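# Fold and contact review
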Amino acid sequence: MELNGTYELNLPPEVVWSALFDAETLASAIPGCERLDQTGENTFSATVRLKIGPVSAKFNGEVELSEMIAPHSCTLSGKGSGGIAGFAKGSARLNLAPRDGGTVLTYTADAALGGKLAALGSRLIQSTTNKLANEFFTRFSETLNNKVDQDA
């Protein structure tokens, strides 16, 4: 399954870039995030509770950032297991471009699902995934803007 998206953030690429490596910022932006720990310079471990259609599960997973060209692009790779609900794995290429004092973030992602999740059907998975991505970037932007306001 391939996903694409573009989001405009009101902060410069350097600020957005730094936030991509901040566990607190990411944890507040990830829908259903119960725990996010930075386990290495560019790696994170997470527990996320999600409901996708009729399937609810707690997923434990790992995420790694690689192929970094600061503050312009990086690749996120991850995998997670939700026990009986199934598993998910995938990667996303993020690109940050300056525009009018802000940043345009674009991503292209590929994801694979197994178990009960895979049986739900691609249309439900696609719409839920798009909803979760929109929720993440909305929260991410709000969190960044709140941090900048507090620092001002």
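Cut-offs applied
Within each chain, residue numbers correspond to sequence positions counted from 1 in written order. Given that this is a predicted model, residues contribute local features only at a pLDDT of at least 70 and side-chain atom pairs are listed and counted only at 80 or more, while totals for whole chains, interfaces and linings are drawn from all residues. Excluded from the side-chain calculations are hydrogens and water; all other atoms, namely the structure's heavy atoms, are used. Only DSSP runs of H or I covering at least 4 residues are called helices, and only runs of E covering at least 2 are called strands; the numbering of each starts at the N terminus. Whether two residues are in contact is decided by their heavy atoms, any of which lying within 4.5 Å being enough. Expected span, for any helix, means 1.5 Å times one less than how many residues it has. Partly exposed residues are those whose accessible area sits between 20% and 50% of the maximum for their type, while under 20% is buried and over 50% is exposed, using a 1.4 Å probe and protein chains only. Both site types are read off a 1 Å grid over the protein atoms alone. A 1.4 Å probe that fits but cannot get out defines a cavity, while an open set with protein on both sides within 12 Å along at least five of seven lines defines a pocket; lining residues have an atom within 4 Å of a point. Grid points are joined across faces, edges and corners, and a volume is the space filled by probe spheres set on the points. Classification convention: Asp, Glu, Lys, Arg as charged; Ala, Val, Leu, Ile, Met, Phe, Trp, Tyr, Cys, Pro as nonpolar; all other residues, Gly among them, as polar. Pairing between strands requires that DSSP locate at least two bridges from one strand to the other. Note on geometry: axes are lines fitted to C-alpha atoms, helical ones only across the stretch in contact, with angles between N-to-C directions running from 0 to 180 degrees. Here the aromatic set is Phe, Tyr and Trp, taking the six-membered ring for Trp, and pairing holds for ring centres within 6.5 Å; pairs whose planes are under 30 degrees apart are stacked, those over 60 apart are edge-to-face, and all others are tilted.

The next subject is the environment of Leu26. With respect to the secondary-structure elements, Leu26 resides in helix α2 (residues 23-29). Measuring from C-alpha to C-alpha, the distance between Leu26 and Ser56 comes to 22 Å, with 30 residues separating the pair along the chain. Among all residues touching Leu26, those that are not within four sequence positions of it are Ala19, Leu20, Leu36, Phe44, Phe136 and Phe140.

Below, the discussion takes up helix α3 (residues 122-151). Quick reminder: α-helices carry 3.6 residues per turn. Residues three or four places apart thus point the same way. The terminal C-alpha atoms of α3, which comprises 30 residues, lie 43 Å apart, in line with the 44 Å expected from a rise of 1.5 Å per residue. Among the residues making up α3, those that are buried are Ile125, Thr128, Ala133, Phe136, Phe137, Phe140, Ser141, Thr143 and Leu144. Residues of α3 that are buried make contact with β1 (2-9), α1 (13-19), α2, β3 (43-52) and β7 (102-114).

Moving on: empty space enclosed by the protein. Summed over the entire model, instances satisfying the criterion amount to one cavity of 30 Å³ or more. Its volume calculated, the largest cavity comes out at about 1300 Å³. Taken together, the elements giving at least two residues each to the lining of the largest cavity come down to β3, β4 (55-69), β5 (73-81), β6 (87-99), β7 and α3. Considering only residue class, the lining of the largest cavity consists of 30 nonpolar, eight polar and four charged.

Along the chain, Ala70 connects to Pro71 via a cis peptide bond; the corresponding omega equals -15°. Considering the arrangement of structural elements, one finds Pro71 in the loop between β4 and β5. Within the chain, Glu67 stands out as a residue other than glycine whose phi angle is a positive 50°. Here Glu67 lies in strand β4.

The strand order across the open sheet built from seven strands is β1-β7-β6-β5-β4-β3-β2, with neighbouring strands paired in antiparallel fashion. Each having just a single partner strand, β1 and β2 (33-40) make up the two edges of the open sheet. Each adjacent strand pair in this sheet contributes to an overall mean axis angle of 25°, direction not counted. Where β5 meets β6, nine bridges bridge the pair, whose relative direction is antiparallel. Looking at the pairing, Gly80 lines up with Ala88 of β6. Docked against the sheet, α3 engages β1, β3 and β7, running at close to 25° with respect to β1.

What follows concerns the packing of aromatic side chains. Going through the model one piece at a time under the given rule, you end up with six aromatic pairs. On the numbers, 5.6 Å between centres and 20° between planes, the contact of Tyr107 with Phe137 is stacked. Remark: Phe137 occurs in helix α3 and Tyr107 occurs in strand β7; sequence separation between them is 30 residues. Measuring from centroid to centroid gives 5.5 Å for Phe136 and Phe140, while their planes differ by 20°, and the two rings are stacked. Here the residue Phe136 and the residue Phe140 both occupy positions in helix α3, the gap between them amounting to four residues, near one helical turn. With relative accessibility at 0%, the residue Phe140 sits in the buried group.

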